[in-house]
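# Tertiary structure, described
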Amino acid sequence: MLKHYHGERRFVKRSTIARYAVRVSTQETRWLTAEEQRAWRALLTACQTLFSAVDAQLLHDAKIPHGYYEILVRLSETPGRALRMTQLAEASTSSKSRLSHAVARMEERGWVRRTDCPTDRRGQIAQLTDEGFAALAAAAPGHVEQVRRSLIDQLTAEQIEQLREISEAIIAVGGPMPAGAGGCGSMRDEEDPSQADACDTESACSTEPAQADACHTESAC
């Protein structure tokens, strides 16, 4: 490899450059310790196990993908049960294109309706219908029981508080998801009952079905 140095041409071996690159990389990379690696792998497996179980229950009992359930919950919590699509995308940690696809599917079921935003011709508002609210209320008891079985009942009160603190710390440094990114909180393109999403955003209802609009969400991953 030819390199210019103080007006002179000098040849530098590729092996020298490679050794230097490795040395710099080693100095800059903060590799995980064995204990940190175990914690990281345990978190990944826990997320996959938890959300696979939660999504499978919703699909089996209510025929609702977990990502769609999360959208219904978010809408149920807002005044008038309505949100701008951009706000709903942020709340459900989904890309705009995926959210649009999901809302279109729920429109077909009569659970959500979209209207033009009166203050912005380019914007749209998604509103939860009475049918959608009824679907959410019907699905909530089985969902929250699965959340308890897979997570809450396995932890002490102190561990639950620690889980909340850990989750909030992770959320605080996470920043916004790139458009179209997958991972925890992303939703499947199709509501295929044979496939359980391993990592959707978690939402749990702590109220009776008749009070499902008071449900609050809890992020665990």
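What you are looking at is a predicted structure, and each value in this text was computed from that prediction instead of being measured.

On a plain count of helices and strands, the protein comes out with seven helices and seven strands. For the protein, the α and β elements follow one another from N to C terminus as β-β-α-α-α-β-α-α-β-β-α-α-β-β. Counting across all 221 residues of the protein, residues that qualify as buried make up 31%. Residue pairs in contact within the protein that sit at least 24 positions apart in sequence constitute 61% of those at least 6 positions apart.

Think of a pair of aromatic rings as described by two things: how far the centres are apart, and how the planes are tilted against each other in angle. Scanning the model with the defined rule gives zero aromatic pairs in all. Positioned above the aromatic ring of F133 is the side chain of R81, whose terminal nitrogen or guanidinium carbon lies 3.9 Å from the ring centre.

Tallied over the full model, the rule gives seven salt bridges. Two residues, E70 and R74, come together in a salt bridge whose shortest N-O distance is 2.5 Å. A residue pair is termed a helical-turn pair when its members lie 3 or 4 positions apart in one helix, as E70 and R74 do in helix α3 (residues 66-76) at four residues. A relative accessible area of 18% places R74 in the buried class. With a shortest N-O distance of 3.9 Å, R81 and D130 are connected by a salt bridge.

So, about the pairing of strand β4 (residues 112-117). Taken together, the six bridges between β4 and strand β5 (residues 120-128) define a ladder with antiparallel strand orientation. The residue of β5 that forms the bridge with V112 is L128.

Along the polypeptide, A53 turns up in helix α2 (residues 34-62). In this structure A53 comes out as partly exposed when scored by relative accessible area, which is 25%. Considered as a pair, A53 and R149 are 96 residues apart in the sequence and their alpha carbons are 9.7 Å apart. Residues contacting A53, with those up to four places away along its chain left out, are Q146 and S150.

Attention now moves to the nonpolar core. Y69, L75, L88 and V112 are the most contacted members of the largest nonpolar core, which has 25 residues in total. Mapped onto this core, the elements with two or more residues apiece are α3, α4 (85-91), α5 (96-108), β5 and α6 (130-150). Element by element, the count of residues in this core is highest for α3, at six residues. Beyond its immediate chain neighbours, meaning those up to four positions away, V112 contacts L72, L75, V103, M106, E107, A126, Q127 and T129.

Before going further, it helps to examine the confidence of the model for the protein. Looking at the protein, pLDDT values average 77 and 67% of them are 70 or higher. Averaged pLDDT values over the elements of the protein bottom out at 34 in strand β7 (residues 216-217) and peak at 98 in α6. The low-confidence segment residues 188-221 (pLDDT under 50) makes 114 contacts with residues lying over four places distant or belonging to another chain.

With that out of the way, let us pick up the packing of α3 against α5. Packing of α3 against α5 brings their axes to within 11 Å, and their N-to-C directions diverge by 80 degrees. Classified by the angle their axes make, α3 and α5 are roughly perpendicular. Together, Y68, I71 and L72 of α3 and L99, H101, A102, R105 and M106 of α5 make up the contact between the two elements. Here the residues of the contact of α3 with α5 are counted per class, giving six nonpolar, one polar and one charged.

Now for the sheet that holds β4. Taken in spatial order, the three strands line up as β3-β5-β4 in an open sheet, and their pairing is antiparallel. Looking along the sheet, the strands with just one partner apiece sit at the ends: β3 (82-84) and β4. Each adjacent strand pair in this sheet contributes to an overall mean axis angle of 25 degrees, direction not counted. Relative to the sheet, α3 contacts β3, β4 and β5, its axis offset from that of β5 by approximately 100 degrees.

What counts as what
- Residues numbered from 1 in each chain as written.
- Predicted model: local features only at pLDDT ≥ 70, side-chain atom pairs only at ≥ 80, totals over all residues.
- Heavy atoms only, no water.
- Helix = DSSP H or I, 4+ residues; strand = E, 2+ residues; numbered from the N terminus.
- Buried < 20%, exposed > 50% of the residue type's maximum accessible area, 1.4 Å probe, protein only.
- Contact = heavy atoms within 4.5 Å.
- Phe/Tyr/Trp six-rings, centres within 6.5 Å; stacked < 30°, edge-to-face > 60°.
- Lys NZ or Arg CZ within 6 Å of the ring centre and 35° of its normal.
- Salt bridge = Lys/Arg side-chain N within 4 Å of Asp/Glu carboxyl O.
- Pairing = 2+ DSSP bridges.
- Core = buried A, V, L, I, M, F, W, Y, C linked by side-chain atoms within 4.5 Å.
- pLDDT = per-residue confidence, 0-100.
- Axes fitted to C-alpha atoms, helices over the stretch in contact; angles between N-to-C directions.
- Parallel < 35°, antiparallel > 145°, perpendicular 65-115°, else oblique.
- Nonpolar A, V, L, I, M, F, W, Y, C, P; charged D, E, K, R; others polar.

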